Amino acid sequence: MLQRRRLPRLQLPPQAVFSLPSEAFLAPHAKSSALADRPFVVGPGFSPVPGKLVSQILRGTFVDLSELLSVNLVSSDPEPHLMLDGRLVLTAPPKKQRRQIEDITSWTEAFTVFSLVLTSSFPQRWKDLTLYKLLILRIHRQFSGRVWLAYDKAFREHAAATGLFDWSSMNAQLFNFHAAGASLHSSNPSSGEFSEPSGSSSSRIACISWNKGRCTAPFMHCCYYHRCSRCGGSHRALSCSSRQEQRADNNSKRRSRSPAAVSPALGDMGRY
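The present account deals with the structure reproduced in this document. Note that residues are indexed from 1 along each chain, following the sequence as it is written. Where local features are concerned, this predicted model is filtered to residues with pLDDT of at least 70; where side-chain atom pairs are given and counted, the filter is 80 or more; whole-chain, interface and lining totals use all residues. Processing note: side-chain calculations cover all non-hydrogen atoms of the structure and skip hydrogens and water entirely.

### As for the pattern of salt bridges
In the sections that follow, a salt bridge refers to a side-chain nitrogen of Lys or Arg positioned within 4 Å of a carboxyl oxygen of Asp or Glu. A full pass over the atoms with the stated rule returns two salt bridges. Asp-128 is paired through a salt bridge with Arg-125; the nearest N and O atoms lie 3.1 Å apart. Side by side, Asp-128 and Arg-125 carry an identical accessibility label, which is buried. Between Arg-156 and Asp-152 there is a salt bridge, and its shortest N-O distance comes to 3.2 Å. Taken together, the residues span about one helical turn, with Arg-156 and Asp-152 both in helix H5 (residues 147–162) at a distance of four residues. By the burial criterion, Arg-156 is buried, and Asp-152 matches it. For each residue, the accessible area found with a 1.4 Å probe, counting protein chains only, is set against the maximum for its type, and the residue is called buried under 20%, exposed over 50%, and partly exposed in between. Comment: elements are numbered from the N terminus, with helices defined as DSSP H or I runs of at least four residues and strands as E runs of at least two.

Right under this line is the structure:
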């Protein structure tokens, strides 16, 4: 009789278990799709923010802040007009010119509405948005012109392009680019406004702008130390005595090398 051989059992690999990623791995604004196209009620005196604009804010895309001004949020419904044939039609009113942000007051209003919309869904963003607003206000107080407006637009465009969700830190490259050549506001020591930032005691790098006359750091504390970059004294490089002595020494050497110099031994005969 033929005996049946037992075939070895094939051990199948255990089925892989897949799990959904936790919220820690998701982008902070991934939940915004569920809140799309929902108008946001700001409060008394303000018209609701349109749902399309709310969706753009929650998704982290770049938004023109002028669209959040109260005068631009006011929606005027078209008035019905009765035609001669008796039919009722709706005619759209002429488009009004939108108001642009030209001063710090209108920017603060628009950015506050922007922050309200964003922090209503993501309350953890309250701190970095508040620090960012304080930074823009300080740049406005410290620099003349519209350095604050140019930096704000460039920073928010950069944040939308790179997916940056923490605005508490200043972008030094963008700040230096837009603040280059801008004049500083004159400070008033009696009022305490526009006070110059204090230097760092732990840094070993001298602050260049402080040595040139005034520190241009956008925060209350500069990350560089405020001492002379030439001799390390407590004065600025502009008033450094070693610089003045070196300048006088260079001038004397330049005179001695000049063809018009007079030789003390030859008197007037030594002049070329």
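### With respect to the environment of Leu-149
Within the secondary structure layout, Leu-149 lies in helix H5. Measuring from C-alpha to C-alpha, the distance between Leu-149 and Ile-136 comes to 8.1 Å, with 13 residues separating the pair along the chain. A contact between two residues is defined here by any heavy atoms of the two lying within 4.5 Å. Those residues in contact with Leu-149 that sit more than four places away from it in its chain are Ile-101 and Trp-107.

### Some points on the packing of helix H4 (residues 126–142) against H5
One way to put it is that H4 packs onto H5 with a least axis distance of 8 Å and a crossing angle of 150°. It follows that H4 is roughly antiparallel to H5 by the angle criterion. Residues Tyr-132, Leu-135, Ile-136, Ile-139 and His-140 of H4 form the contact with H5, whose own contacting residues are Val-147, Trp-148, Tyr-151, Asp-152, Phe-155 and Arg-156. Side-chain classes are defined by residue name, with Ala, Val, Leu, Ile, Met, Phe, Trp, Tyr, Cys and Pro counting as nonpolar, Asp, Glu, Lys and Arg as charged, and the others, Gly among them, as polar. Across the contact of H4 with H5, the residue classes break down as eight nonpolar, one polar and two charged. Lines fitted to C-alpha atoms define the axes, with helix axes restricted to the stretch in contact, and inter-axis angles between N-to-C directions lie between 0 and 180 degrees. When an angle is under 35 degrees it counts as roughly parallel; over 145 it counts as roughly antiparallel; between 65 and 115 it counts as roughly perpendicular; any other value is oblique.

### Some thoughts on helix H6 (residues 172–179)
Where H6 is concerned, the buried positions are Leu-174, Phe-175 and Ala-179. Angular distribution of buried residues about the axis of H6 spans 115°; they occupy a single face of the element. Along H6, the residues that are exposed and aim more than 90 degrees away from the buried face are Gln-173 and Phe-177. For H6, the elements touching its buried residues are H4 and H5. Immediately downstream of H6, the backbone of Gly-181 shows phi near 85°, a positive value. Note that the arc is defined by the directions from the helix axis to the C-beta atoms.

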